[in-house]
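If you want the building blocks of each chain, they are given just below.
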Amino acid sequence: MRLLLLSDIHSNLEALEACLAAAPEYDLAVNLGDIVGYGASPNEVTECVRDVCKLSVRGNHDKATTGLMDLKDFNPVAGLAALWTRQQLKPHNLEWLRAVPQGPLFVPELSQAQFVHGSPVDEDEYVVTPQDAIEPLLVSPMQFTFFGHTHLQGAFSASELNPSAFRPEYKTVGNGEMLEFPVRDGQRYLVNPGSIGQPRDGDWRAAFALWNTDTHVVTFCRVPYDLKGAQERIMDAKLPPRLATRLAAGR
Ligand code: ZN
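Now for a look at the structure at hand. Quick caveat: nothing in here was measured; it's all calculated off a predicted structure.

A separate point is the coordination of the zinc ion. The zinc ion binds to the protein through Asp8 (OD), His10 (NE2), Asp34 (OD) and His151 (NE2); the donor distances cover 2.1 to 2.3 Å. Look at histidine 10 and you get buried, because its relative accessible area is 1%.

Glancing now at the side chain of glutamate 14. With respect to the helices, strands and loops of the structure, glutamate 14 is situated in helix α1 (residues 13–22). There is a polar contact of 2.8 Å between the side chain of glutamate 14 and the side chain of arginine 233. Each residue touching glutamate 14, except ones within four places of it in the same chain, is listed here: Tyr225, Asp226, Gly229, Ala230 and Arg233.

In this section: the sheet that holds strand β8 (residues 162–166). Read across the sheet, six strands follow the order β4-β5-β6-β10-β7-β8 without closing on themselves; strand pairing throughout is mixed. At either margin of the open sheet sits one strand with a lone partner, and together these are β4 (105–107) and β8. Adjacent strand axes in the sheet meet at a mean angle of 20°, parallel and antiparallel pairs treated alike. Where strand β5 (residues 110–115) meets strand β6 (residues 144–146), three bridges bridge the pair, whose relative direction is parallel. In the strand pairing of β6, alanine 113 is matched with phenylalanine 144. Running at roughly 125° to strand β10 (residues 188–192), helix α6 (residues 130–139) makes contact with β7 (154–159), β8 and β10 of the sheet.

Reading the values: the criteria
- Residues numbered from 1 in each chain as written.
- Predicted model: local features only at pLDDT ≥ 70, side-chain atom pairs only at ≥ 80, totals over all residues.
- Heavy atoms only, no water.
- Donors = N, O, S within 2.8 Å, 3.2 Å for Na, K, Ca; no water.
- Buried < 20%, exposed > 50% of the residue type's maximum accessible area, 1.4 Å probe, protein only.
- Helix = DSSP H or I, 4+ residues; strand = E, 2+ residues; numbered from the N terminus.
- Polar contact = N/O pair within 3.5 Å; in protein donor to acceptor, adjacent residues only side chain to side chain.
- Contact = heavy atoms within 4.5 Å.
- Pairing = 2+ DSSP bridges.
- Axes fitted to C-alpha atoms, helices over the stretch in contact; angles between N-to-C directions.

Structure follows, in structure tokens:
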């Protein structure tokens, strides 16, 4: 089976469309949370995710926007964006978003995989370092955990107690690129496809990943998108300008 893995789209329609256009053929699309928040196209992105993704896990921004989480846990800019998003969302989109389930979620045909936003231990936890990855790798009964939340593309793996990190190293800063990461039996993995709508690993390109369960390969992808268009929409919406400028830096 070929899975398309999308995460942290954050209402960035330009980036989402570029990823879907660049994605190779797949059998099933899974979204790992934070559909909305920060970007200026919450309705379009929510509707697109609902159409494309068979499975969606909720993220903290989805919760904050729909009133399932207190905004006091957010920094002021994120809080403002969540309130703006709540006002913009059409009632049926808000209702759909509020019902997106908490992870871990599972696909019946894939007995060795689970899908979460932060970590299988805590949906709001950030798994950034190999140290952070130890507990989720150890407690997880699954060989593969796909997660988002950090906006950092890459993977952690462990056989026994030694966690190691993999970060894709791309050749360019502006082209569409794909990088294959072969996975092995007997090893557990935490895989983050990266953020589509607001990457924070210093690479402005939209990030996503594919997992082919037949060839045992995870493919990490980066795609250039209409950055200026996304930034203009944020400025036109009178969202905090920082939300537009940070997209160019990938931070
Ligand atoms: Zn996020």
